[in-house]
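Residue-level structure breakdown
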Amino acid sequence: MTDRAGSREMRRLGKLARAMIQPFARRPWLIRPLMRSGLLARDFPLPRRTRRELSTELRRVQGRKVWTLAPKDAARDAPLILYLHGGAYVCGITTVHWHFLTSLAQRSAVIEVPLYGLGPKHDFREAYALLDELWAGIAQRHPGRPVTIMGDSAGGGLALGFALHLRDSGRSLPESLVLLSPWVDIASTDPQVDERRQDDPMLARAGAELAAKVWANGADPDDPRLSPMNGDLTGLPPTDIYQGTRDMLRPQVEALADKLRAAGVRVDLTLCPGGLHVYPIFDTPESKAARDRISARLAG
């Protein structure tokens, strides 16, 4: 199955991903030494452009860096985004992420970006503990702001899992969730994954399985904190999902949307023809359209 749709820029990006990213994703023996050395988990620094154009603040929570990005003239009721970056739980935040977040902040959003610990040195338990503390202080740090939890790929799975965790612990929920190609079943049990991966120029099952194993760190991969697709999804806030068609995660994301609707959750699924994994964070016409839509919906 091959999807030839998408802009010229998106197709060019797919060729680049197939040449530069997928060879590693297909070969765990190439990934393991990079993981052990800590190279994969290194976070790219905040770009100069972001520091110049936005108000930025760095603090530490549980020893982890947490950045706050905001317009220099942010309105008191500007929406707040708690953003959880992707990277298969083993790769640090990238310059592409920072440019995407800068663009969102320039559209009048305040964004908190925790740089949570990554595998193999850290696991999901520490990430949830960090988010618990962050969430407890959000209302005090940002009174009056509507809060959205947003994440891409692994960060999208973590965003959904943390929302379930908040609900189950009886705490306040965000106003909404925004999930960009979320990885919501780390075991990738849907048999359509193998069919879809043939047309995915970025991801591969072998790399995903290795990342899932180190992030779970001995826990059952079906645990909803790891694979929120397996949880009870009732009572969640309105959820927007952005998904490309050239992505091996598409089957589980579409299944997630169906399960959310069945649970009574208001869901808006945007399916981008020819879109790659986490397509909204890139620099293509489809990416810009997604960013514009995300910002407009956050603004109400």
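No experiment lies behind these values; they were computed from the predicted model shown.

Of note, serine 7 is situated in the segment before helix 1 (8-20). In this structure the side chain of serine 7 is engaged in a polar contact, spanning 3.1 Å, whose partner is the backbone nitrogen of methionine 10.

On the surface, Arg8, Arg11, Arg12 and Lys15 cluster together into a positively charged patch. Relative to the helices and strands, arginine 12 is located in helix 1.

Here the structure, examined in full by the defined rule, presents seven aromatic pairs. Seen from their ring centres, tryptophan 135 and phenylalanine 162 are 6.2 Å apart, and the 80° between their planes marks the pair as edge-to-face. Highlighted residues: tryptophan 135 in helix 6 (residues 124-141) and phenylalanine 162 in helix 7 (residues 154-168), separated in sequence by 27 residues. A relative accessible area of 8% means that tryptophan 135 is categorised as buried. Phenylalanine 162 sits in the buried class, given a relative accessible area of 0%.

What follows concerns the pairing of strand 3 (residues 80-84). Buried residues dominate strand 3, accounting for five of its five residues. Side chains Leu80, Leu82 and Leu84 of strand 3 all project onto a buried face; the interleaved residues Ile81 and Tyr83 project onto the opposite face, where all are buried too. When strand 3 meets strand 4 (residues 110-114), the two strands line up parallel, connected through three bridges. Bridge pairing in strand 4 places leucine 82 opposite glutamate 112. What joins strand 3 to strand 4 is helix 5 (residues 95-106), and the crossover it makes is right-handed. Relative to strand 5 (residues 147-152), strand 3 runs parallel, the two sharing five bridges. Across the sheet, leucine 84 pairs through a bridge with glycine 151, a residue of strand 5.

In this structure, the largest pocket encloses a volume near 1200 Å³. Lining the largest pocket we find 40 residues, and of these Ile21, Gly87, Cys91, Thr94 and Met202 sit closest to its centre. When grouped by side-chain class, the residues that make up the lining of the largest pocket number 29 nonpolar, nine polar and two charged. Approximately 270 Å³ is the volume found for the second largest pocket. Among the residues making up the lining of the second largest pocket, the classes are represented as nine nonpolar, two polar and four charged.

Turning to the sheet that holds strand 2 (residues 64-70), a few remarks are in order. Strand order across the open sheet formed by eight strands is 1-2-4-3-5-6-7-8, with mixed pairing between neighbours. Looking at strand neighbours, the two that pair on one side only are strand 1 (55-61) and strand 8 (267-276), the edges of this open sheet. Sheet twist, expressed as the average angle between the axes of neighbouring strands with direction ignored, equals 20°. Strands in contact with helix 7 are strand 3, strand 5 and strand 6 (176-180); relative to strand 5, the strand with the most contacts, it is inclined by about 140°.

Counting through the fold element by element, arginine 145 comes out in the loop between helix 6 and strand 5. Aspartate 77 is the oppositely charged side chain nearest to the buried, salt-bridge-free arginine 145, at an N-O distance of 6.1 Å.

For helix 11 (residues 285-299), built from 15 residues, the straight-helix expectation of 21 Å at 1.5 Å per residue is met to within 8% by its first-to-last C-alpha distance of 21 Å. Listed in full, the buried residues belonging to helix 11 are Glu286, Ser287, Ala290, Arg291, Ile294, Ser295 and Leu298. In a view along the axis of helix 11, the buried residues occupy a sector of 165°, so they form one face of it. Downstream of helix 11 by one or two residues, glycine 300 has phi in the positive range, about 85°.

Further remarks concern the environment of threonine 284. Its place among the elements puts threonine 284 in the loop between strand 8 and helix 11. Along the backbone, threonine 284 and leucine 249 are 35 residues apart, and their C-alpha atoms lie at a distance of 20 Å. Contacts of threonine 284, omitting those with residues within four sequence positions, involve Ser7, Glu9, Met10 and Leu13. In terms of polar contacts, threonine 284 uses its side chain to reach the side chain of glutamate 286, at 3.2 Å. A distance of 2.7 Å separates the side chain of threonine 284 from the side chain of serine 287, its partner in a polar contact.

A few words on unusual backbone geometry. Here the residue pair glycine 119 and proline 120 is connected by a cis peptide bond, since its omega of 5° sits within 30 degrees of zero. In the Ramachandran plot, glutamine 62 falls in the positive-phi region, its phi being about 50° despite a non-glycine side chain. Looking at the element boundaries, glutamine 62 is found in the loop between strand 1 and strand 2. Here glutamine 62 falls in the partly exposed class, since its relative accessible area comes to 44%. Positive phi is not limited to glycine here, since asparagine 217 has a value of about 50°. Under the relative-accessibility criterion, asparagine 217 is labelled partly exposed at 47%.

Parameters and conventions
- Residues numbered from 1 in each chain as written.
- Predicted model: local features only at pLDDT ≥ 70, side-chain atom pairs only at ≥ 80, totals over all residues.
- Heavy atoms only, no water.
- Helix = DSSP H or I, 4+ residues; strand = E, 2+ residues; numbered from the N terminus.
- Polar contact = N/O pair within 3.5 Å; in protein donor to acceptor, adjacent residues only side chain to side chain.
- Patch = residues over 30% accessible without salt bridge, like charges linked within 9 Å, V, L, I, M, F, W, Y side chains within 5 Å.
- Areas by Shrake-Rupley, 256 points an atom, 1.4 Å probe, with all protein chains shown as cover.
- Salt bridge = Lys/Arg side-chain N within 4 Å of Asp/Glu carboxyl O.
- Lys, Arg positive; Asp, Glu negative; His and termini not counted.
- Charge placed at Lys NZ, Arg CZ, Asp CG, Glu CD.
- Phe/Tyr/Trp six-rings, centres within 6.5 Å; stacked < 30°, edge-to-face > 60°.
- Buried < 20%, exposed > 50% of the residue type's maximum accessible area, 1.4 Å probe, protein only.
- Pairing = 2+ DSSP bridges.
- Right-handed = clockwise from strand over helix to strand, strands pointing away.
- 1 Å grid on protein atoms, 1.4 Å probe; cavity = no way out; pocket = protein on both sides within 12 Å on 5 of 7 lines; lining within 4 Å.
- Points joined across faces, edges and corners; volume = space filled by probe spheres on them.
- Nonpolar A, V, L, I, M, F, W, Y, C, P; charged D, E, K, R; others polar.
- Axes fitted to C-alpha atoms, helices over the stretch in contact; angles between N-to-C directions.
- Contact = heavy atoms within 4.5 Å.
- Expected span 1.5 Å × (residues − 1).
- Arc of directions from axis to C-beta.

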